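Remarks on the overall topology
Listed below are the residues making up each chain.
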Amino acid sequence: MPPVKIITKKIIYKLSYYFQIHRFLRNLNKNKVQILFYHGFSNEKNNFFSKFSDSKHLQIKKFHSQMKYLKNKYNIISLKQFVDSHKNGKKFPLYSLIITMDDGYLSNYSLAYPILKKLNIPATIFLTTSFVNQKEFLWMDRVEYALALARPNHYRLNVHDQKLLLDLRNDDLKLKSLKKIKSLIKSEPQGLRLKFIAELESLLKNKLTLNEKTPEIYLPLDWHQVQKMVEKELVSIGGHTHTHAILTKCSPKELKKELSLAKKIIEKNIKIKLLPFAYPNGTVKDFNKQIQSYLKQLNYSCALTTMSGFNNKKTDLFELRRIAVDDRMDWIEFIMNISGFRYLLLRLLKI
Ligand SMILES: [Zn+2]
């Protein structure tokens, strides 16, 4: 975001906070249910690799403060409680809020879980099963890692007979290239995406592998940790595909494998049958009716998007809205966003 826009945004948020707009909005939205989503967590303020990960690893101190605030101001319910009430036409508790985490990072257990336990807060973790099961790193993380450690230089890569020029002379240029690569390969079929990433890793001579030097933020949960969290019934588990594939780019065969294999692996390891699901990437372009119908056939209980907004009894259970929380957000932005302020701004800007 250009600096002028960032400053304007900060001023709008600060003024609205000062005039207590969040209190008014929180009350206005008290009958709706909001679902927050997180990814990983980090212990350090300036983790070198976090810088390249689009702020998806939240400082654990921030998470702790957020949970204490939410525990005070909201009714934190489990996703299952919400789905059951939705199906039975029951009313949701006022100020209902649900915590979710995507992908299956180790830090969900090592850093976030002790806080959830201490405050008795339920959460749902959506697992990418090849990440947890086979320690196959997430494709987004592989790209980030390869670029983060690349020697400062210009590089050339062939994509569909076109030459892609990568200017990686400093960290800012690396971040720009990272954005470009991610948006380019997101729309590729799964096989081509993985082929591209393998070529990128060999060009930049950096491959994310599992050893004692692997940066902690990239590590997955293991099944023992998942089982320990599930046993206490505070954490529940959902599916997030097998390889974090963008489902609308999968062939029918790949789609079936991504959804059914993930479910089979999770069920085998935690012995729970009815699982919720979260679409990788989760925007309106990342799912469709065919995918939803297959999720229903497989007996997934609901599906969560990353589309911003609140949920009520009319919201389609396979198009649930969520609100993202990441490390870019300061305290004011967090309070304002969960009150519904960002969603309101987005809607006003569309008019
Ligand atoms: Zn994800």
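The subject of this paragraph is the pairing of strand β6 (residues 123–127). Within β6, five of the five residues are buried, which leaves it mostly tucked inside the rest of the structure. Burial along β6 is two-sided: A123, I125 and L127 and T124 and F126, pointing in opposite directions, are all buried. Read as a crossover between parallel neighbours, the route from strand β5 (residues 96–103) over helix α5 (residues 107–119) to β6 is right-handed. By the bridge criterion, five bridges tie β6 to strand β9 (residues 235–239) in an arrangement that is parallel. Bridge pairing in β9 places I125 opposite I237.

With 16 residues, helix α1 (residues 3–18) ought to run about 22 Å at 1.5 Å a step, and its terminal C-alpha atoms sit 22 Å apart, in line with that. Following α1 by one or two positions, Q20 has its phi on the positive side, about 60 degrees.

What follows concerns the packing of α1 against helix α13 (residues 331–339). Where α1 meets α13, the closest approach of the two axes is 10 Å, and the angle between their N-to-C directions is 70 degrees. Judged by the angle between their axes, α1 and α13 are roughly perpendicular. Of the two elements, α1 crosses α13, and the hand of that crossing is left-handed. Along the contact surface, α1 presents Y13, K14, S16 and Y17, while α13 presents I332, E333, I335 and M336. Residue composition of the contact of α1 with α13, grouped by class: five nonpolar, one polar and two charged.

This part covers the nonpolar core. I35, L36, V143 and A303 are the most contacted members of the largest nonpolar core, which has 82 residues in total. Per-element accounting of this core gives the leading share, seven residues, to helix α7 (residues 139–148). Of the residues that make up this core, three or more belong to each of domain 1 (3–135 + 219–350) and domain 2 (139–204). Ignoring any residue separated from it by four or fewer positions in sequence, one finds I35 in contact with I98, T100, L304, N311, L320, R322 and I323.

About the thresholds
- Residues numbered from 1 in each chain as written.
- Predicted model: local features only at pLDDT ≥ 70, side-chain atom pairs only at ≥ 80, totals over all residues.
- Buried ≥ 20, exposed ≤ 12 C-beta atoms within 10 Å, placed from the backbone.
- Helix = DSSP H or I, 4+ residues; strand = E, 2+ residues; numbered from the N terminus.
- Right-handed = clockwise from strand over helix to strand, strands pointing away.
- Pairing = 2+ DSSP bridges.
- Expected span 1.5 Å × (residues − 1).
- Axes fitted to C-alpha atoms, helices over the stretch in contact; angles between N-to-C directions.
- Parallel < 35°, antiparallel > 145°, perpendicular 65-115°, else oblique.
- Left-handed = near helix turned anticlockwise from the far one by under 90°.
- Contact = placed C-beta atoms within 7 Å.
- Nonpolar A, V, L, I, M, F, W, Y, C, P; charged D, E, K, R; others polar.
- Core = buried A, V, L, I, M, F, W, Y, C linked by C-beta atoms within 7 Å.
- Domains from an automatic or database assignment.

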